[in-house]
Amino acid sequence: MLKVEDMVVRYGVIEAIKGISFHVDDGEIVTLIGANGAGKTTTLQTISGLIRPQQGKILLDGRDIVKEPTDKIVKSGLIQVPEGRRVFQQETVEENLVLGAYTRKDKQGIKEDLEKVYERFPRLKERQKQLAGTLSGGEQQMLAIGRALMGKPKIMLMDEPSMGLSPLLVKEIFSIIREINADGTTILLVEQNARMALSIADRAYVLKNGTLVLEGTGAELLQSEEVQKAYLGG
Amino acid sequence: MSGANLFFLQLINGLNIGSIYALIALGYTMVYGIAKLINFAHGDIIMVGAYISLLCLNAGLPWYLACILSILVCSLFGIVMEKLAYKPLRKASRISLLITAIGVSYLLENSFQLIFSANPKPYPGFIDLPTLKIGAVSISANYYVTFIVSVALMIILNLFVQKTNMGKAMRAVSEDEGAARLMGINVDNTISLTFAIGSALAAIAGILYSNCYSPINPTMGSLPGIKAFIAAVLGGIGSIPGAVLGAFILGMIETMVKAYISSQLLDSIVFAILILMLALKPAGILGKSVKEKV
């Protein structure tokens, strides 16, 4: 589904991503774990076309999207839930969700999907007329995920969905990610919460200073001594 | 004329100039909201609109065609101006953008002086409707037409921004450009659209202004432009209702100062208001103070 080949991203003279290659197959949950500043967010932003790489290919269903503008990439079904949620604070919950379906023209389908999102997140239905800025962090994360679902993603990129949430909410968010995946959406997940991410991932990569240093199944990496020492607190 | 009638007349004057400021201030505020740019060349679009319509009228075109052509040319001009002058600087500092905007303003004023000369040109007013009499006060057609057209346009603009997909895209880009991109919104097109709408409103303001205050000259847009900018700041730059509110308040203050205090002090008082506002409540009446993202 998604294949990144030898991608290099520089900010001025600083090389943030030093030629990484990885892939996400249809139906998988793949996670990219790593410390702060490892280049996780840069990787996702580059895939979404917000940043241009200096080198490399990004293939979506075999088509190189490296030069495509973000709106076209979104239209092809690659949708991102950005770091920090980035919901539109001054719009209502429902307006946020409808904006998520911006590239779609099928009014009936949008209406049905809105109902589905409300079914999945009853809290959002209760607050549909409320401004998104008044929601709690967990609710905003649900809104950000719901908004991405409204775009009918084939593959969903998620940037630190657990950030700033209580352990209970983190668990809830991760079970939602699993459900979304079970419903047929491929997921590329970037996380600092390595334990949670590895526990739901089919496969995982470890990113360190812009280079991929390890890869394996989620279970393998959970057992790996190196990962335990560096990312799971011993 | 009795005191009450005089006051009523001033009220009408205030609404008239307030309407013109509102049309211009909307363009300022919309462009600021989306591109985070104070487009100081925006006032000069009024002048461009006035001259294009004058050319059309002098060529014998009917008034409505003159208006449509002037609006179209100005919209297109707004888009081209953004693409040529501002888009290459989108990642540059705000101050570079500001200086560029001032440069565009001078470019426009001086090239129009070169083409049309600096001499004022009489503008053949075409609003040919009966004068409205309310009690002892008569209101010329220019005045009530300006007011009605402006209010109608503000309502249409508001509906557009609130209800249409393009309007929603504009709001999204204005709040968070990156997130808007991730929704699949084409930000470049949205910015172009904003410049087109702002310039169209400025063209209409230019036509209405010329009808009320003939003759016209190549620097006619500069002062109303700055006043409209003050109105936008007063109301809260970036806020559409704020721009309208600020414009009417400013229009009222101006006419009242002119009538009851001193017409020589007019501009000093208006600019003093800007300074006071920036010192006391920089976010404006309806503006939100922006919280730093942590």
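Residues numbered from 1 in each chain as written. Chains lettered and ligands numbered in written order. Predicted model: local features only at pLDDT ≥ 70, side-chain atom pairs only at ≥ 80, totals over all residues.

As for helix 6 (residues 165-175) of chain B
How we decide: Three exposure classes are used, all based on how many other C-beta atoms lie within 10 Å of a residue's own C-beta (placed from the backbone): buried at 20 or more, exposed at 12 or fewer, and partly exposed between those limits. Think of it this way: any DSSP run of H or I at least four residues long counts as a helix, any run of E at least two long counts as a strand, and we number them from the N terminus. In this description, any two residues whose backbone-derived C-beta atoms lie within 7 Å of each other are considered to be in contact.
For helix 6 of chain B, the buried fraction is high: eight of the 11 residues fall into the buried class. Burial in helix 6 of chain B covers these residues: Lys 168, Ala 169, Met 170, Arg 171, Ala 172, Val 173, Ser 174 and Glu 175 of chain B. Summarising the contacts, the buried residues of helix 6 of chain B are in contact with helix 3 (93-100) of chain A together with helix 1 (3-35), helix 5 (141-163), helix 7 (177-182) and helix 8 (187-212) of chain B.

Some thoughts on the sheet that holds strand 2 (residues 14-24) of chain A
Residues and elements named next belong to chain A. So the rule is basically this: Here, any two strands with at least 2 DSSP bridges between them count as paired. Lines fitted to C-alpha atoms define the axes here, with helix axes fitted over just the stretch in contact, and angles between the N-to-C directions of these axes take values from 0 to 180 degrees.
Overall, antiparallel pairing links the four strands, which are arranged 2-1-4-5 in an open sheet. With partners counted over all chains shown, the strands left at the sheet margins are strand 2 and strand 5 (63-64), one partner each. Direction of pairing for strand 1 (residues 2-11) relative to strand 2: antiparallel, over a ladder of eight bridges. Within the sheet, the bridge partner assigned to Leu 2 lies in strand 2 and is Val 24. Here helix 1 (residues 40-47) sits on the sheet and contacts strand 1, strand 2 and strand 4 (55-60); the angle it forms with strand 1, its principal contact strand, is near 115°.

Some words on the packing of helix 10 (residues 240-261) of chain B against helix 11 (residues 266-280) of chain B
Residues and elements named next belong to chain B. Spelled out, the test is: In this scheme the handedness of a crossing depends on how the near helix is turned from the far one: anticlockwise by less than a right angle means left-handed, clockwise means right-handed. Polar here means any residue other than Ala, Val, Leu, Ile, Met, Phe, Trp, Tyr, Cys and Pro, which are nonpolar, and Asp, Glu, Lys and Arg, which are charged; Gly is therefore polar.
Close contact between helix 10 and helix 11 brings their axes to 9 Å; oriented N to C, the two are set at 145°. Once helix 10 is placed against helix 11, the crossing between them reads as right-handed. Of the residues in helix 11, those in contact with Leu 250, Ile 253, Glu 254, Val 257 and Lys 258 of helix 10 are Leu 266, Ile 269, Val 270 and Ile 273. Class assignment of the residues belonging to the contact of helix 10 with helix 11 gives a composition of seven nonpolar, no polar and two charged.

Observations concerning the environment of Gln 45 of chain A
Position of Gln 45 of chain A among the secondary structure elements: in helix 1. When the C-alpha positions of Gln 45 of chain A and Gly 151 of chain A are compared, they lie 18 Å apart, and in sequence the two are 106 residues distant.

Re the environment of Leu 135 of chain A
Residues and elements named next belong to chain A. The residue Leu 135 is located in the loop between helix 5 (122-126) and helix 6 (137-149) in this model. Using a count of 21 C-beta atoms within 10 Å as the deciding quantity, one classes Leu 135 as buried. For the pair Leu 135 and Lys 3, spaced 132 residues apart in the sequence, the C-alpha separation amounts to 36 Å. Apart from the residues lying within four places of it in its own chain, the contact partners of Leu 135 are Arg 127, Gln 130, Gln 140 and Leu 143.

Describing the interface of chain B and chain A
Each side of the interface is counted separately: chain B has 14 residues, and chain A has 18 residues. Looking at the side of chain B that touches chain A, the elements that each hand over two or more residues are helix 6 and helix 7 of chain B. Examining the composition of the side of chain B that touches chain A, we find that five residues originate from one element, helix 6 of chain B, more than from any other. Among the residues forming the side of chain B that touches chain A, the class breakdown is six nonpolar, three polar and five charged.

Describing the confidence of the model for chain B
Selection rule: pLDDT measures the predictor's confidence residue by residue and takes values from 0 up to 100.
In the predicted model, chain B carries a mean pLDDT of 92, and the fraction of residues at 70 or more is 97%. The ipTM, which scores confidence in the relative placement of chains, is 0.93 for this predicted complex, and the corresponding pTM is 0.91.

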